[in-house]
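Take a look at the letters that make up each chain.
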Amino acid sequence: MLTKTEQVPPPPKNFTFEWNGGFSYLTYLKKKTTVTFEDEKLLLTRQNFILGAFPLQPSTQDIPLTHINSVAVGSKINWFDLVFAILFVFVTLITMNFFPLLLTVLFLWRTFNTNIQIGQRSGNNLNILTGSKGDSNSFVQFLADTINQIKHSDNTKTGQNPIVPQVLSNKPKKIFGIVSAGIVAILILLLVIASRGGFDNPYVTWVKDATVPGGTHHTMDEALSNDKYFSNVVWKQVNKGGNEEDVNKYVMYQATYTDQGVSIYIQTVFQVFAENQFTPVAYAIDGNGQDLSDWTYFLVEVTSKLDGSPSSSDKETWQESTSTSSTSTSSQSEPPTQDITETKLPVQESAPPVRVATTPVKEVQTPAPAVGAALTVSLKDFKHWTPPADLTYPVRLDGDNMDIVLGLDHPNGIKVQVVDHALEQGWNIPLPSIEGSTPFDKFGDLLPDYSLAVKEHDFTQDGTPEIVLVASDGQADMYVWILTYNFMASEQGTSPLELMWSGMGQTDILMSGNQLLLPYGSQGLYEEYNYTGGVFVKNTQ
């Protein structure tokens, strides 16, 4: 029979534990611990991973099994992860979105872990953190059995109590951790809400709280969130064109509007500049883009309903304009789930501030006319120049490829040129004053708040388009120059573009076929011009 010194030691037994991380010294850590039983010793190899991925130098520690007098398993809460888990629970309940719910699940999964505690006769406790409770229970049971076997086989250790795995319980500490994490999460949420101006982004709040134009006492939110006519109302900030810098400058309103058994889906985008300063830049009904002037008519119609004095003429005009685009019925109530980047609403590139609350819109006396069967082009469809980079607008005039170039001149002033690729030559395009007024200062620079835009349009219907240049401040003044192509210019060595017509408007320019409309004021008024007999003739009817 083999004595103790002659017994063959059992092969080493390995256990590996990983803790899914936590914050230590303001750095996110992941811990990996390997435990090996060898020669009545417990060998521990620990390794930390900075940011959960970059390993540090491992450390090794050995403990004689005979020095261990207790083993226990308990739960471990990652306090920082618990804070964010609770925070995203609140965010999920407020927004009802999937992404914060996903983050909630992630942080909850990281919050609760297991702690293995090994007590030594010296009074020191050794802790091993892990995410697997099953592996922890297997390890402490194996450790206790191994130590008890050693005690039983050692005659000098007889009479000692066997080691029994215990369950750690520290309820006061756990309760304090959960409560404190909840308080911190709520404080973070309130701080974020306060910094954003409430539950709504401040830009959203500015639009919702603004007074409806036209001297009414209703706010935009009162007019457009009335549950008698509107359902599925959503106000939110959106990102136009993927530019993260613009994410807080555009607000989208969308809702289902129901009147007289007909339901349509309304979607409007506002560009917001400051409190009480914003302007609509896109309007759609059931996903079909509409003229911005139609939004004014709709807003007036809704406000008149709230005041109990709807205008029948406005109602008929609005119903007629929406009948061709609306395929909804009273049974349709759920709006399409589309965003600004999905619906590709026609957003005006350059829209200066408009003081909405002080802009008078007393009554829509004359609805915008139908400007022929051809597609109507407005200022939002122009190509807008954004300084300081040059804008190159390619055009094809009578078979020749040319460029209209808008940019900064040197040492000052604005550069407006036409470049002929075939001749490899460019000419300046003069933009003379109109009725003694000009959008340029004495140095040739645009006046503050003005923008410059270009678009081609075939008023003459001869297959060679005219070039339309517009300088506008978006509120009160707009200058229009229409240039025509001179096919004899290449033989004469002069500019191929000549001034054909110039005029002034205010808020917008509408072009369709041979017709040109220049809206002015805030009551649906406009000046109409028709290209007839080689000239533009003003309609005086």
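Look above for the structure.
Now for a description of the structure that goes with this document. Owing to the predicted nature of the structure, the values given are computational and were not obtained by experimental measurement.

**Some points on the overall build of the chain**
Item 1. For the chain, the count of helices and strands is 10 helices and 27 strands.
Item 2. With 541 residues in all, the chain has 42% of them scored as buried.
Item 3. Long-range contacts, defined as pairs at least 24 residues apart, comprise 53% of the intrachain contacts of the chain with a sequence gap of at least 6.
Item 4. As presented, the chain carries roughly 28,700 Å² of accessible surface, and 54% of it is formed by carbon and sulfur atoms.

**Focus: the pattern of salt bridges**
Item 1. One pass over the full model with this rule turns up three salt bridges.
Item 2. In this structure, Glu18 and Lys30 form a salt bridge, with 3.7 Å as the shortest nitrogen-oxygen distance. With a gap of 12 residues between them, Glu18 in strand E1 (residues 13–24) and Lys30 in strand E2 (residues 27–38) connect regions that are remote in the sequence.
Item 3. Accessibility expressed as a relative area gives 25% for Lys30, which makes it partly exposed.
Item 4. For Asp390, the salt bridge goes to Lys415, with nearest N and O atoms at 2.9 Å. Of this pair, Asp390 sits in the loop between strand E15 (383–384) and strand E16 (391–397) while Lys415 sits in strand E18 (residues 414–420), and the two are 25 residues apart along the sequence.
Item 5. Of the residues examined, Lys415 reaches a relative accessible area of 16% and is grouped as buried.

**So, helix H1 (residues 79–95)**
Item 1. Taking 1.5 Å of rise per residue, the 17 residues of H1 would be expected to cover 24 Å, and the 24 Å separating its terminal C-alpha atoms lies within 8% of that figure.
Item 2. Inspection of H1 places Asp81, Leu82, Val83, Ala85, Ile86, Leu87, Phe88 and Thr92 among the buried residues, and these make up the whole buried set.
Item 3. Looking one or two places after H1, you find Met96, whose phi comes out positive at around 55 degrees.

**Things to note about the packing of aromatic side chains**
Item 1. A full pass over the atoms with the stated rule returns 28 aromatic pairs.
Item 2. Plain terms: the ring middles of Tyr450 and Tyr479 are 6.2 Å apart, the flat faces sit at 50 degrees to each other, and that makes the pair tilted. One end of the pair, Tyr450, is in the loop between strand E19 (425–428) and strand E20 (451–457); the other, Tyr479, is in strand E22 (residues 478–485), and 29 residues separate them in sequence.
Item 3. Looking at Tyr450, the relative accessible area reads 15%, which means it is buried.

**A few points about the sheet that holds strand E7 (residues 112–120)**
Item 1. Pairing is mixed across the open sheet formed by four strands, whose spatial order is E8-E7-E6-E9. Of all the strands in the sheet, the pair left with one neighbour each is strand E8 (125–130) and strand E9 (166–167).
Item 2. Docked against the sheet, helix H2 (residues 98–111) engages strand E6 (68–77) and E7, running at close to 10 degrees with respect to E7.
Item 3. In the packing of helix H3 (residues 133–153) onto the sheet, the strands contacted are E6, E7 and E8, and the crossing angle to E6 comes to about 175 degrees.

**Details of the packing of H1 against H2**
Item 1. Where H1 meets H2, the axes come as close as 8 Å, and the angle between the chain directions of the two elements is 155 degrees. With respect to H2, the axis of H1 lies roughly antiparallel. Regarding H1 and H2, the two cross each other, and that crossing is left-handed. In contact with Asp81, Leu82, Phe84, Ala85, Phe88, Val89, Val91, Thr92 and Thr95 of H1, H2 contributes Pro100, Leu101, Leu103, Thr104, Phe107, Leu108, Arg110 and Thr111.
Item 2. Residue composition of the contact of H1 with H2, grouped by class: 11 nonpolar, four polar and two charged.

**Structural notes on the sheet that holds strand E27 (residues 535–539)**
Item 1. Across the sheet, which stays open at both edges, the four strands sit in the order E24-E25-E26-E27 with antiparallel pairing between neighbours. In the strand order of this sheet, the two ends are held by strand E24 (510–512) and E27, each with one partner. On average, each strand axis in the sheet is tilted by 25 degrees relative to the strand beside it, whichever way the strands run.
Item 2. Pairing between E24 and strand E25 (residues 515–520): three bridges, direction antiparallel. The residue bridging Ser512 from the neighbouring strand is Gln515, located in E25.

**A short note on a nonpolar patch on the surface**
Item 1. On the surface, Ile175, Val179, Ile183, Ile186, Leu187 and Leu190 cluster together into a nonpolar patch covering about 560 Å² of accessible area.
Item 2. For Ile175, a relative accessible area of 52% translates into the label exposed.

**Notes on the pairing of strand E3 (residues 41–50)**
Item 1. The pairing of E3 with strand E5 (residues 59–64) spans six bridges and is classified as antiparallel. Opposite Leu43, over in E5, you have Asp62 as the bridge partner.
Item 2. In the sheet, E3 pairs with strand E4 (residues 54–55) via two bridges, with the strands oriented antiparallel. When the bridges of E4 are listed, Phe49 appears paired with Pro55.
Item 3. Hairpin connection of E3 to E4: three residues between the antiparallel strands, including Leu51 at a positive phi of 60 degrees.

**Quick notes on the nonpolar core**
Item 1. By size, the foremost hydrophobic cluster in this structure holds 28 residues, and its most contacted members are Ile404, Leu406, Ile429 and Leu469.
Item 2. Broken down by secondary-structure element, the contributors of at least two residues to this core are E16, strand E17 (400–408), E18, E20, strand E21 (466–472) and E22.
Item 3. Not counting residues within four places of it along the chain, the set of residues in contact with Leu469 comprises Leu406, Val416, Ile429, Leu431, Ala453, Val454, Tyr479, Val480, Trp481 and Leu483.

**Let's talk about the side chain of Thr303**
Item 1. Structurally, Thr303 is set in helix H7 (residues 292–306).
Item 2. By relative accessible area, which is 4% here, Thr303 ends up buried.
Item 3. A polar contact of 2.8 Å, which involves the side chain of Thr303, links it to the backbone oxygen of Leu299.

**A word on the environment of Gly123**
Item 1. The residue Gly123 is located in the loop between E7 and E8 in this model.
Item 2. Residue class for Gly123 comes out exposed when judged on its relative accessible area of 54%.
Item 3. Along the chain, Gly123 and Asn69 lie 54 residues apart, while their C-alpha atoms are 9.4 Å from each other.

**Things to note about H7**
Item 1. With 15 residues, H7 should cover 21 Å at 1.5 Å per step; its first-to-last C-alpha distance of 22 Å lies within 8% of that length.
Item 2. Among the 15 residues that make up H7, 12 are buried, leaving the element largely enclosed by the rest of the structure.
Item 3. Among all positions in H7, only Leu292, Asp294, Trp295, Tyr297, Phe298, Leu299, Val300, Glu301, Val302, Thr303, Ser304 and Lys305 are buried.

**A word on unusual backbone geometry**
Item 1. Put simply, Pro387 and Pro388 share a cis peptide bond, and its omega is 5 degrees.
Item 2. Secondary-structure assignment places Pro388 in the loop between E15 and E16.
Item 3. Residue Pro411 follows His410 across a cis peptide bond; omega there is 5 degrees.
Item 4. Relative to the assigned elements, Pro411 resides in the loop between E17 and E18.
Item 5. A positive phi is found at Asp449, a non-glycine position, where the angle reads about 75 degrees.
Item 6. Along the polypeptide, Asp449 turns up in the loop between E19 and E20.
Item 7. The exposure class of Asp449 is exposed, given its relative accessible area of 52%.
Item 8. Of note in the backbone geometry, Gln461 takes a positive phi value of approximately 55 degrees without being a glycine.
Item 9. Residue class for Gln461 comes out exposed when judged on its relative accessible area of 53%.

Basis of the calculations
Residues numbered from 1 in each chain as written. Predicted model: local features only at pLDDT ≥ 70, side-chain atom pairs only at ≥ 80, totals over all residues. Heavy atoms only, no water. Helix = DSSP H or I, 4+ residues; strand = E, 2+ residues; numbered from the N terminus. Buried < 20%, exposed > 50% of the residue type's maximum accessible area, 1.4 Å probe, protein only. Contact = heavy atoms within 4.5 Å. Areas by Shrake-Rupley, 256 points an atom, 1.4 Å probe, with all protein chains shown as cover. Salt bridge = Lys/Arg side-chain N within 4 Å of Asp/Glu carboxyl O. Expected span 1.5 Å × (residues − 1). Phe/Tyr/Trp six-rings, centres within 6.5 Å; stacked < 30°, edge-to-face > 60°. Pairing = 2+ DSSP bridges. Axes fitted to C-alpha atoms, helices over the stretch in contact; angles between N-to-C directions. Parallel < 35°, antiparallel > 145°, perpendicular 65-115°, else oblique. Left-handed = near helix turned anticlockwise from the far one by under 90°. Nonpolar A, V, L, I, M, F, W, Y, C, P; charged D, E, K, R; others polar. Patch = residues over 30% accessible without salt bridge, like charges linked within 9 Å, V, L, I, M, F, W, Y side chains within 5 Å. Core = buried A, V, L, I, M, F, W, Y, C linked by side-chain atoms within 4.5 Å. Polar contact = N/O pair within 3.5 Å; in protein donor to acceptor, adjacent residues only side chain to side chain.

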